[in-house]
Amino acid sequence: MQPNFLIRRAVQLGLTANALRPLRARSTTIPVFFAGWLTGELAPQLLALTAADAAVHVARHGVRDRSTKAGLAMAAASAAGLAALIRTGHGAREEIENALTSALGDDYASELGRSDLGLPWGELALPFRMGAPDVRVDRNIAYAPGGKRFLLDVYRPNSDVSGAPVLLQVHGGAWVIGNKEEQGRPLMRYLARRGWVCVAINYPLSPAHRWPAHIIAAKQALAWIRTSIASYGGDPRFVAVTGGSAGGHLSALLALSQNDPALQPSFEDVDTSIQACVPHYGVYDFAATSGAPASKYRLESLIARRVFAPDRDPVAHLDDYIAASPLDRITSDAPPFFVIHGRDDSLVPVREAREFVRRLREKSRQPVAYAELAGAQHAFDVFTSVRSAHVVRGVARFLDHTYNAWKAESRSRGGSDGAGVGP
């Protein structure tokens, strides 16, 4: 008998089943998310480990007892499930492409020239390695007074650039945890190689800092970009913003609250407009005005208790919450959006993204692309995986297209434009 082998295979089968069909009970949300996220995005590596574990066990112990036979049956079932997860991850390429052609037109890619659609096999082999020798990172630059929560990093090509488009990355963490090194690095690394300048920021966290400190800090970072990014090769006139989860909320709100003096005290005259927004698995129904049970639960259990000040009850001060809610701040002046969400997201249900996109498309004069990724959990883009690699390349195409459209419009108005990007 080899009970350890049987236990390993049973655990792996359970993890695989959860990634394929995550449980929906609220009491299990966090463990279901965490297990499903890692299993789904690391499916190729887990498939290899499953096959290796089974092969080593058989070589050492043969197939003589019921425990081994049961373990091998579980290994086979896990392998089949992991293979299905890998296929679903590859499907992100088509899902992203369909979203882009639907929003930008069937011929959008022809305007970009050659596109890099291949998978980065070296990065997939070492998914948690975030360094890139061909990308320069300037770390811990202060964008406002206040210490380490007001620092940013700049990612840029090793070679000199000038007038490059800029991406602002805002990390997630439920407004209470997280830092600038934890999210968005695969995307920033890829864009920097293509000539972009990327800025990743820290911002004040709750409960030590209460709303609206988070969005004010993001706008302070944007103000720093307007005045200082040229020194790093960026064009302060074109700034796109992205982020995941709470960072998706902040990036969407940044794009929809442009030049709002209430959110930029003492720097009201700074241009805080955004030229494109790509939120990933963001929180959009911040004030729970849609009536969705998940949004209401998040408002009552987290936002009202830990993010807002204790005296700002969401019933008595509903307007304050609405002012912080992207879902309720959509206007015709919204910049181009590319909203990306996982269909199996356990933390922010996908229907919240669907409603946000529906309202955006009703009002915005700009393109609104939406990719709903089958099998994707929350935080699917934190490290390099089959799915996240396809998403990164799709986001780059959207941003390149939007930047090129901005340059063309700038030329038509008689202004100068920045340097070109792309391979």
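About the cut-offs
- Residues numbered from 1 in each chain as written.
- Predicted model: local features only at pLDDT ≥ 70, side-chain atom pairs only at ≥ 80, totals over all residues.
- Heavy atoms only, no water.
- Helix = DSSP H or I, 4+ residues; strand = E, 2+ residues; numbered from the N terminus.
- Rg over C-alpha atoms; globule rule 2.2 N^0.38 Å.
- Buried < 20%, exposed > 50% of the residue type's maximum accessible area, 1.4 Å probe, protein only.
- Contact = heavy atoms within 4.5 Å.
- Areas by Shrake-Rupley, 256 points an atom, 1.4 Å probe, with all protein chains shown as cover.
- Lys, Arg positive; Asp, Glu negative; His and termini not counted.
- Charge placed at Lys NZ, Arg CZ, Asp CG, Glu CD.
- Salt bridge = Lys/Arg side-chain N within 4 Å of Asp/Glu carboxyl O.
- Pairing = 2+ DSSP bridges.
- Axes fitted to C-alpha atoms, helices over the stretch in contact; angles between N-to-C directions.
- Phe/Tyr/Trp six-rings, centres within 6.5 Å; stacked < 30°, edge-to-face > 60°.
- Lys NZ or Arg CZ within 6 Å of the ring centre and 35° of its normal.
- Expected span 1.5 Å × (residues − 1).
- Arc of directions from axis to C-beta.
- Parallel < 35°, antiparallel > 145°, perpendicular 65-115°, else oblique.
- Nonpolar A, V, L, I, M, F, W, Y, C, P; charged D, E, K, R; others polar.
- Polar contact = N/O pair within 3.5 Å; in protein donor to acceptor, adjacent residues only side chain to side chain.
- Disulfide = S-S within 2.5 Å.

Colleague: Describe the overall build of the protein chain, listing the residues and the values that go with them.
Modeller: Helix and strand content of the protein chain: 13 helices and 8 strands. For a compact globule of 423 residues, the expected C-alpha radius of gyration is about 22 Å, and the protein chain comes in at 22 Å, within 12% of that figure. For the protein chain, the spread of C-alpha atoms along the three principal axes comes to 80 × 55 × 40 Å. Among the 423 residues that make up the protein chain, the fraction classed as buried is 57%. A sequence separation of at least 24 residues applies to 77% of the contacts in the protein chain between residues at least 6 apart. Roughly 17,400 Å² of accessible area belongs to the protein chain as shown, and the carbon and sulfur atoms make up 55% of that amount. Of the charged side chains in the protein chain, 47 are positive and 40 negative, and the gap between their average positions amounts to 7 Å.

Colleague: How would you explain the side chain of Ser245 if you had to name every residue and give the values?
Modeller: Inspection of the secondary structure assignment puts Ser245 in the loop between β5 (234-244) and α9 (246-256). Taking the relative accessible area as the measure of exposure, Ser245 reaches 12% and is therefore buried. Dropping the residues within four chain positions of it, Ser245 is found in contact with His280, Tyr281, Gly282, Val283 and His378.

Colleague: If you had to explain the pattern of salt bridges to someone new, which residues and values would you point to?
Modeller: Enumeration according to the criterion identifies 27 salt bridges in this entry. With a shortest N-O distance of 2.8 Å, Glu97 and Arg397 are connected by a salt bridge. Highlighted residues: Glu97 in helix α5 (residues 92-104) and Arg397 in helix α13 (residues 386-412), separated in sequence by 300 residues. Judged by its relative accessible area of 6%, Arg397 falls in the buried class. Across the salt bridge formed by Asp138 and Arg156, the nearest N and O atoms sit 2.7 Å from each other. Of this pair, Asp138 sits in strand β1 (residues 135-142) while Arg156 is found in strand β2 (residues 151-157), placing the two residues 18 residues apart along the sequence. Take Asp138: its relative accessible area is 15%, and that puts it in the buried class. Look at Arg156 and you get buried, because its relative accessible area is 13%.

Colleague: Residues and numbers for the sheet that holds β1, please.
Modeller: Reading across from one edge, β1-β2-β4-β3-β5-β6-β7-β8 is the order of the 8 strands in this open sheet, with mixed pairing throughout. With partners counted over all chains shown, the strands left at the sheet margins are β1 and β8 (368-373), one partner each. Each neighbouring strand pair of the sheet contributes to a mean axis angle of 20°, computed without reference to strand direction. For strand β3 (residues 164-170) and β5, the ladder comprises 6 bridges, and the chain directions are parallel. Of the residues in β5, the one forming a bridge with Gln169 is Thr242. Taken strand by strand, helix α8 (residues 213-228) contacts β1, β2, β3, β4 (197-201) and β5, and its axis lies near 155° from that of β5.

Colleague: Now, about the pairing of β2: what can you tell me, with residues and values included?
Modeller: Within β2, 7 of the 7 residues are buried, which leaves the element mostly enclosed by the surrounding structure. Sheet topology note: the β1/β2 ladder contains 6 bridges and is antiparallel. Bridge assignment links Val137 to a residue of β2, and that residue is Tyr155. Relative to β4, β2 runs antiparallel, the two sharing 4 bridges. Directly across from Leu152, in β4, lies its bridge partner Ile201.

Colleague: A description of the packing of aromatic side chains should follow, citing residues and the corresponding values.
Modeller: According to the stated counting rule, one finds 21 aromatic pairs in the structure shown. Taking 5.9 Å as the distance between ring centres and 55° as the angle between the ring planes, the aromatic pair formed by Tyr143 and Phe150 counts as tilted. Of the two residues, Tyr143 and Phe150, both sit in the buried class. The ring centre of Tyr297 lies 4.1 Å from the NZ or CZ of Arg26, which sits over that ring.

Colleague: Lay out helix α3 (residues 43-61) in plain terms, naming residues and giving numbers.
Modeller: In a regular helix each residue adds 1.5 Å, so 19 residues correspond to 27 Å; α3 covers 27 Å between its end C-alpha atoms and thus fits that length. Here α3 has its buried residues at Ala43, Leu46, Thr50, Asp53, Ala54 and His57. One side of α3 carries all its buried residues, which in axial view fall inside an arc of 95°. Away from its buried face, by an angle of more than 90 degrees, α3 presents the exposed residues Ala59 and Arg60. Looking at the residues trailing α3, positive phi occurs at Gly62, about 75°.

Colleague: Describe the packing of helix α4 (residues 66-90) against α5, naming the residues involved and giving the relevant values.
Modeller: Helix-helix packing is described using two parameters, namely the angle between the two axes and the distance between the axes. Viewed as axis vectors pointing N to C, α4 and α5 meet at an angle of 25°, and their least axial separation amounts to 4 Å. What the angle tells us is that α4 and α5 run roughly parallel. Across from Thr88, Gly89 and His90 in α4, the residues of α5 making contact are Ala92, Arg93 and Glu94. Taken together, the residues of the contact of α4 with α5 sort by class into 1 nonpolar, 3 polar and 2 charged.

Colleague: Describe the side chain of Asp400, naming the residues involved and giving the relevant values.
Modeller: Relative to the elements of secondary structure, Asp400 occurs in helix α13. One polar contact links Asp400 to Arg194, side chain to side chain, over a distance of 2.4 Å.

Colleague: Can you tell me about α4, naming the residues and giving the values?
Modeller: Because the α-helix completes a turn every 3.6 residues, residues three or four places apart line up on one side. Its 25 residues place the ends of α4 36 Å apart at the C-alpha level, agreeing with the 36 Å of an ideal helix rising 1.5 Å per residue. Turning to α4, its buried residues number three or more, namely Ser67, Thr68, Gly71, Ala75, Ser78, Gly81, Leu82, Ala84, Leu85, Ile86 and Gly89. Between the side-chain oxygen of the N-cap and the backbone nitrogen of Ser67 there are 3.1 Å, and the N-cap of α4 in question is Asp65.

Colleague: So what's going on with the state of the cysteines? Which residues, and what values?
Modeller: For the structure shown, the criterion picks out 0 disulfides. Cysteine Cys198 is unpaired, with the sulfur of Cys277 as its nearest cysteine sulfur at 15 Å. By relative accessible area, which is 0% here, Cys198 ends up buried.

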